[in-house]
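An overview of the molecular structure
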Amino acid sequence: MEPFALLHRDGADHVEILTGDVVTVARLADIPLPAGAGPRTLALVPYRQVAERGFACVDDGAPLECLRITSVRTAPLAETIASLPTAPLRLTGQGFDISDDDYATIVRTVLRDEIGRGEGANFVIHRVFEATVDGDPVDAARAAFRNLLTGERGAYWTFLVHTGTRTLVGATPERHVSVADGLTMMNPISGTFRHDGERDLLGFLADRKEIDELYMVLDEELKMMAAVAEHGGQVVGPYLKRMAHLTHTEYLLAGRGSLDVRDVLRATMFAPTVTGSPVENASRVIARHERRGRGYYAGVLALLGHDDEGRQTLDAPILIRTAEISPAGELRVPVGATLVRHSTPDGEVAETHTKAAGVLAALGATRARATTVRPEPDSPEIRAALAARNDGLARFWLDQRRPGALTVPALDGRTAVVVDGEDTFTAMLAHQLRALGLAVTVVPWTVTAVPGADLVVAGPGPGDPASDDAKMVMLRGLVADLLAGRRPLLGVCLGHQILAGTLGLPLRRREATYQGMARDIDLFGTPRRVGFYSSFTAVAAPLPGVEIAADPDGSVHALRGDGFAGVQFHPESVLSADGLTVLAELLPPLLSRVISPAVSG
């Protein structure tokens, strides 16, 4: 059968029918994108492509397949539905590839050894529902596509893709990244309200766990937007994402950019909602605990082309709520649970069952549930609850402003180098520093020599600051050299911990992790609202010439001295309402004795 794809986009009254030939390429940069208006290529991007960013993965050999589109036509939605088979999917031999007990053990281990020890704020661990489909696999997928079109609502894309070697059918709620009219957009979604559950919608919107999960993925996707949009991303929302059986909460991020769309895809592999944060370390955690490949789960289905003016376009939803059927009829439905500090093993096991059951019901593989979208309007109370999600968030990421509006005269024209400790929060930090007037360069922690600059920022990253792994040894040497050379230095999170340890303060692991937590602190006598992503802290002790801000239990929030400062929190995080103000106050004194060529002329 000739390769083809059927696509229905949210709100459309038609289905797009794409045909062409399939080629396999090694890298995202190799995805064919010939000139000409309209869709040119539909790329099926597997999770293993994350290795292009140098990130860890279990290589299962899943190919990057590209449908080179030779024909595009549309058919009315009702006509398409009428043309599709109505027989339900018949399954045999169904079950999860990992038992409930084994999955619960993985959850406990990740909570204890990864989140508890500072490896990240959240991680997504998946399991796969497996079965065999009776009958012709493509006919089964076409019947499933019909069920999705008639039984689901609110999906960003509903799709069926047949490449000849595999068939994927699903209804994904989430745009990962799109590019149109020079505008790059991302769509972090988190939080799940079950329409047949016991909670009401207002209770869901007030749930601290659900709120924190959305904030964490918002921060993580802002990191990605900071890398692909010239001025970072502006946050819009939050909104409700209403589907047939579930309602989610979501934000939209938007920013102007000029990268090749294949580079945008590469820089945003992959969504934190299906990996975790920070993404680089999440990939290591996934490889350690899953120990098998993900296939196309957590990858993207990417439609690339050009508009009528010749500008590149991209539309790339995440491959979740998706079934893959092999030519032999082997069915795979991967589902994942997001593990955060609030998680429980039993709760996350139940979450995977709920997600698998929802996908199978939507596909028609189990007895279909009636559409249960509640006729609950967005009442004033619901609108107020959504708006309250932004109370206490950083206006830097929520508001538009004219260029130069935030420039601090003492920082204007100065230079800074940010050393990345494997957390692309540094990209957000760079945007804030630029907004204050600094010219900023970001370098990895592996850099052999830090470039000359008025200020060096030892940035954030995962891990135990007292360990002897290569990164920590390198960062301790870097900070010691900067202090010895009296070069102005700011430490952020991990960089702050390294600075505190170098100055002689003891470090300890927190009893309760601070991953994704916003709180009010006393910062050198001034109350500040800031966001933390940490499992370790320095402990206050007298140090000559060093001023320390700490909790009564000795946990250090910040420190400062002659030519250096450190903050345990993330001023760049969307959780830090006062983050930019903190930077504007801390940095000028650090640079007061520096004569910059850019300033002095």
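Above this note sits the structure.
Attention in this report is confined to the structure presented alongside it. Everything numeric here is computed off the predicted structure, so don't read it as measured data.

Section: the layout of surface pockets
Here the largest pocket is characterised by a volume of approximately 880 Å³. Considering the residues around the largest pocket, the lining is formed by 43 residues, among which Gly-191, Thr-192, Glu-210, Glu-351 and Lys-355 are closest to the centre. Only strand S11 (189–194), helix H5 (208–228), strand S13 (246–256), strand S18 (330–339) and helix H8 (345–363) provide two or more residues apiece to the lining of the largest pocket. By residue number, the principal contributor to the lining of the largest pocket is H8, which donates 7 residues. Grouping the amino acids of the lining of the largest pocket by side-chain chemistry returns 16 nonpolar, 15 polar and 12 charged.

Things to note about the nonpolar core
Counting 96 residues, the largest nonpolar core has Ile-31, Leu-265, Leu-314, Leu-433, Leu-490 and Leu-587 as its most contacted members. Looking at this core element by element, the count peaks at 11 residues for H5. Among residues more than four places away in sequence, those in contact with Leu-265 are Leu-28, Ile-31, Val-177, Val-300, Ala-302, Leu-314 and Ala-316. Among the nonpolar cores identified, the runner-up in size contains 35 residues, and Phe-4, Ala-144, Leu-149 and Leu-363 belong to it.

Looking at empty space enclosed by the protein
All told, the structure shown has 5 cavities of 30 Å³ or more when counted by the stated rule. By volume, the second largest cavity amounts to about 180 Å³. Lining the second largest cavity are 22 residues, with Gly-118, Asp-423, Gly-461, Gln-515 and Tyr-533 positioned closest to its centre. Put simply, the parts of the chain that give the lining of the second largest cavity at least two residues each are H5 and strand S24 (526–538).

Some remarks on the sheet that holds strand S19 (residues 415–420)
One open sheet accounts for 7 strands, arranged S20-S19-S21-S22-S27-S26-S25; its pairing is mixed. Edge positions in the open sheet fall to strand S20 (439–444) and strand S25 (547–550), since each of these has one partner strand only. For this sheet the average axis-to-axis angle between neighbouring strands, irrespective of direction, equals 15 degrees. Sheet analysis places S19 next to strand S21 (residues 455–458), joined by 4 bridges and oriented parallel. Bridge assignment links Ala-416 to a residue of S21, and that residue is Leu-455.

Side note on helix H9 (residues 380–388)
Turning to H9, its buried residues are Ile-382, Ala-385 and Leu-386. Taken around the axis of H9, the buried residues stretch over an arc of 100 degrees, which confines them to a single face. In this structure, the buried side of H9 is in contact with helix H4 (201–205), strand S12 (234–242) and S13.

Some words on the environment of Ala-121
Here Ala-121 shows up in the loop between helix H2 (100–115) and strand S6 (122–133). Ala-121 gets classed as buried once you look at its relative accessible area, which sits at 2%. Expressed as a C-alpha distance, the spacing of Ala-121 and Arg-292, which sit 171 residues apart in the sequence, is 22 Å. Not counting residues up to four positions away in its chain, the partners in contact with Ala-121 are Ile-115, Met-216, Ser-277, Pro-278, Leu-339, Val-340, Gln-515 and Tyr-533.

Topic: the packing of H2 against H8
For the pair H2 and H8, the least separation of the axes is 9 Å and the interaxial angle reads 125 degrees. It follows that H2 is oblique to H8 by the angle criterion. Pair H2 / H8 crosses with right-handed handedness. Residues Asp-100, Tyr-103, Ala-104, Val-107 and Arg-108 of H2 lie in contact with H8, whose contacting residues are Pro-345, Glu-348, Val-349, Thr-352 and His-353.

Some thoughts on the packing of helix H11 (residues 470–484) against helix H12 (residues 494–503)
Between H11 and H12, the shortest axis-to-axis distance is 9 Å and the interhelical angle comes to 65 degrees. Classified by chirality, the crossing of H12 by H11 is right-handed. Between H11 and H12, the residues in contact are Lys-471, Met-472, Leu-475, Arg-476, Val-479, Ala-480 and Leu-483 and Leu-494, Ile-498, Leu-499, Thr-502 and Leu-503, respectively. By residue class, the composition of the contact of H11 with H12 is 9 nonpolar, 1 polar and 2 charged.

Observations regarding helix H13 (residues 579–591)
Between its terminal C-alpha atoms H13 stretches 19 Å, which fits the 18 Å expected from 13 residues at 1.5 Å a residue. Burial in H13 covers these residues: Gly-579, Leu-580, Val-582, Leu-583, Leu-586, Leu-587, Pro-588, Leu-590 and Leu-591.

Let's talk about the side chain of Arg-510
Among the structural elements, Arg-510 can be located in strand S23 (residues 507–523). Asp-551 is the oppositely charged side chain nearest to the buried, salt-bridge-free Arg-510, at an N-O distance of 5.7 Å.

As for the packing of aromatic side chains
This structure, assessed with the given rule, holds 7 aromatic pairs. When the ring of Phe-532 is compared with that of Phe-569, the centres are 6.1 Å apart and the planes differ by 80 degrees; the resulting orientation is edge-to-face. Residue Phe-532 is located in strand S24, and its partner Phe-569 is located in the loop between strand S27 (564–567) and H13; the two are separated by 37 residues in the primary sequence. Each member of the pair, Phe-532 together with Phe-569, is buried. Over the ring of Tyr-103 we find Arg-127, and its NZ or CZ is 5.1 Å from the ring centre. Taking NZ or CZ as reference, Arg-560 lies 4.0 Å from the ring centre of Phe-524, over its face.

Quick notes on unusual backbone geometry
That bond from Gly-237 to Pro-238 is cis: its omega, 10 degrees, falls within 30 degrees of zero. Looking at where Pro-238 falls in the secondary structure, it is placed in strand S12. One non-glycine residue, Ala-298, lies in positive phi territory at about 80 degrees. Notably, Arg-486 is not glycine yet its phi reads approximately 55 degrees, a positive angle.

Rules and cut-offs
Residues numbered from 1 in each chain as written. Predicted model: local features only at pLDDT ≥ 70, side-chain atom pairs only at ≥ 80, totals over all residues. Heavy atoms only, no water. 1 Å grid on protein atoms, 1.4 Å probe; cavity = no way out; pocket = protein on both sides within 12 Å on 5 of 7 lines; lining within 4 Å. Points joined across faces, edges and corners; volume = space filled by probe spheres on them. Helix = DSSP H or I, 4+ residues; strand = E, 2+ residues; numbered from the N terminus. Nonpolar A, V, L, I, M, F, W, Y, C, P; charged D, E, K, R; others polar. Core = buried A, V, L, I, M, F, W, Y, C linked by side-chain atoms within 4.5 Å. Buried < 20%, exposed > 50% of the residue type's maximum accessible area, 1.4 Å probe, protein only. Contact = heavy atoms within 4.5 Å. Pairing = 2+ DSSP bridges. Axes fitted to C-alpha atoms, helices over the stretch in contact; angles between N-to-C directions. Arc of directions from axis to C-beta. Parallel < 35°, antiparallel > 145°, perpendicular 65-115°, else oblique. Left-handed = near helix turned anticlockwise from the far one by under 90°. Expected span 1.5 Å × (residues − 1). Lys, Arg positive; Asp, Glu negative; His and termini not counted. Salt bridge = Lys/Arg side-chain N within 4 Å of Asp/Glu carboxyl O. Phe/Tyr/Trp six-rings, centres within 6.5 Å; stacked < 30°, edge-to-face > 60°. Lys NZ or Arg CZ within 6 Å of the ring centre and 35° of its normal.

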